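# Understanding the architecture of this molecule
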Amino acid sequence: MKRPFAYIAGTGHAVPKRAVTNADIAAMGVETNDEWIIERTGIRQRYVAGEGESLTSLSADAARQAMARAGVQPGEIDTIILGTASPDHLLPSTAVEVQTALGCTRAAAFDLAAACSGWLYSTIVGESLIASGSADTVLVIGAEKLSAIVDWTDRNTCILFGDGAGATVLRRTPQRGGTKGILSTYMRSDGALAELLWRPAGGGAKPFTPESYADRSHYIHMAGREVFKHAVRSMAESTDRALDAARLTAADIDLLIPHQANVRIIEATAKHAGISMDKVFVNVDRFGNTSAASVPIALNDAIAQGRVREGSTVLFAAFGAGFTWGSAVVRF
Ligand code: ACO
């Protein structure tokens, strides 16, 4: 186990006002139904941004809560890292817009693209900045406005995703030898699988054109069954690696907080890790898959429910488009 360089000092989350149920999606003319969505995914509703709700506003709301709970002022933030696949603008980063909204005038700010692994990747980068001495206090945000890039006529994808933001404040651990903080981390990618979950158009390789608009190739496209198989495999590898690196076993884990993509993927991950479902946090039923926001929203929800307390040892695992996957063990 490495010495913890950084710990999670505060958390927060924000979602749009409007909850959209499975029945609401069917009522929009999408050929689907509540029973199918619940049985195949576990999702009952998700939040969808409306007028005045942007990635920046959701991120800033979540960040203000996390900073208040950490007792950190805007001027104390050294770095802002925002994991997202749905930025407000393609240029510049949403992180700099959040910086301005929060008044973190001293901070360096940047976005990190790792899809659903975005918050875990960002946390690992933030921890590394602290370990190297480049930063003492890092604001890590995972946030998505997937409703803007999802094809609302494609029943393979539009039922899955939701909007929201989760934020955490990472701080340097006060002294050597402490056991509170990030105990282990792991991250991997495989770009050979990129086209299983991607937006074919809209970037530099195939810019927006009337043709891409007509064939809807600027929206998310996903090969669901293939993604499912790889997700189960990479989540299993992630939990093994983080536990091994922390020199812990499943019996040492108080709570597994996995990426909230699909309850069947979560159950397979827990089974592989040997963690019973009563020690697994699930809120995909209320939020859907919020990609980079899903793990930090789940963490903040778990703290609010008293399921993560002082002294809790938590295993995090995520996977996403890329493919990317990663994990961490954190003691609170
Ligand atoms: N409503 C009703 N029927 C549907 C729907 C729907 N929304 N979607 C598909 N179906 C139908 C299919 O057409 C198919 O019908 P058929 O048997 O007549 O051909 C049948 O239901 C089964 O379809 P499958 O795709 O095999 O269903 P599956 O059990 O695989 O579930 C799902 C689909 C939920 C998408 C699943 O594959 C999954 O969760 N995959 C992982 C997706 C994921 O996690 N993506 C996020 C990755 S993270 C990131 O980076 C964003």
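Note that the structure is a prediction, hence the values are computed from the model and not measured.

### Some details on the pairing of strand β7 (residues 163-172)
- A large share of β7 lies buried, amounting to eight of its ten residues.
- One ladder, built from eight bridges, connects strand β1 (residues 6-14) with β7; its direction is antiparallel. Its bridge partner lying in β7, histidine 13 is registered against glycine 166.

### Here we look at the domain arrangement of the protein chain
- In terms of domains, the protein chain is made up of domain 1 (6-172) and domain 2 (181-331).
- The interface is formed by 54 residues belonging to domain 1 together with 46 residues belonging to domain 2.
- Three residues stand out in domain 1 for area buried against domain 2, namely Cys116, Leu120 and Tyr121, and they jointly supply 17% of the buried area on that side.
- Across the pair arginine 216 and aspartate 151 runs a salt bridge, and its minimum N-O distance is 3.0 Å.
- When contributions to the side of domain 1 that touches domain 2 are tallied by element, the ones reaching two or more residues are β1, α2 (34-41), β3 (45-48), α3 (55-70), α5 (118-132), β6 (137-145) and β7.

### Remarks on the packing of helix α7 (residues 224-245) against helix α8 (residues 263-273)
- Relative orientation of the contacting elements α7 and α8 amounts to 35°, with a least axis distance of 9 Å. You can see that α7 and α8 cross each other, and the crossing is right-handed. Of the residues in α8, those touching α7 at Phe228, Ala231, Val232, Met235, Ala236, Thr239 and Asp240 are Arg264, Ile265, Ala268, Thr269, His272 and Ala273.

### As for the site of the ligand
- With respect to spatial proximity, 26 residues lie near the ligand, and among them Thr32, Arg40, Cys116, Arg225 and Asn262 are the closest.
- Arginine 40 is positioned with one of its side-chain polar atoms (N or O) 2.7 Å from an oxygen atom of the ligand.
- In this structure, a nitrogen atom belonging to the ligand sits 3.0 Å away from a main-chain N or O atom of glycine 224.
- In the complex, 78% of the free accessible area of the ligand, which totals 1000 Å², lies under the protein chains.
- Among the cavities detected, the one that contains the ligand is the largest pocket.
- Breaking the shell around the ligand down by element, the ones donating at least two residues are α2, α7, α8 and β12 (313-320).
- Looking at the shell around the ligand element by element, the count peaks at four residues for α7.
- Of the residues belonging to the shell around the ligand, the class tally is 13 nonpolar, eight polar and five charged.
- Taken together, domain 1 (6-172) and domain 2 (181-331) each give at least three residues to the shell around the ligand, which thus spans both.

### As for the packing of α3 against helix α4 (residues 94-102)
- At a closest axis distance of 9 Å, the pairing of α3 and α4 adopts a crossing angle of 55°. Between α3 and α4, the interaxial angle falls into the category oblique. When the axes of α3 and α4 are compared, the crossing they make is right-handed. In contact with Leu55, Thr56, Ser59, Ala60, Ala63, Arg64 and Met67 of α3, α4 contributes Thr94, Glu97, Val98, Ala101 and Leu102.
- Grouping the amino acids of the contact of α3 with α4 by side-chain chemistry returns seven nonpolar, three polar and two charged.

Quick notes on the rules
Residues numbered from 1 in each chain as written. Predicted model: local features only at pLDDT ≥ 70, side-chain atom pairs only at ≥ 80, totals over all residues. Heavy atoms only, no water. Buried < 20%, exposed > 50% of the residue type's maximum accessible area, 1.4 Å probe, protein only. Helix = DSSP H or I, 4+ residues; strand = E, 2+ residues; numbered from the N terminus. Pairing = 2+ DSSP bridges. Domains from an automatic or database assignment. Contact = heavy atoms within 4.5 Å. Buried area = accessible area lost by both parts, 1.4 Å probe. Salt bridge = Lys/Arg side-chain N within 4 Å of Asp/Glu carboxyl O. Axes fitted to C-alpha atoms, helices over the stretch in contact; angles between N-to-C directions. Left-handed = near helix turned anticlockwise from the far one by under 90°. Near = heavy atom within 4 Å. Polar contact = N/O pair within 3.5 Å; in protein donor to acceptor, adjacent residues only side chain to side chain. Areas by Shrake-Rupley, 256 points an atom, 1.4 Å probe, with all protein chains shown as cover. 1 Å grid on protein atoms, 1.4 Å probe; cavity = no way out; pocket = protein on both sides within 12 Å on 5 of 7 lines; lining within 4 Å. Sits in = over half its atoms within 2 Å of the grid points. Nonpolar A, V, L, I, M, F, W, Y, C, P; charged D, E, K, R; others polar. Parallel < 35°, antiparallel > 145°, perpendicular 65-115°, else oblique.

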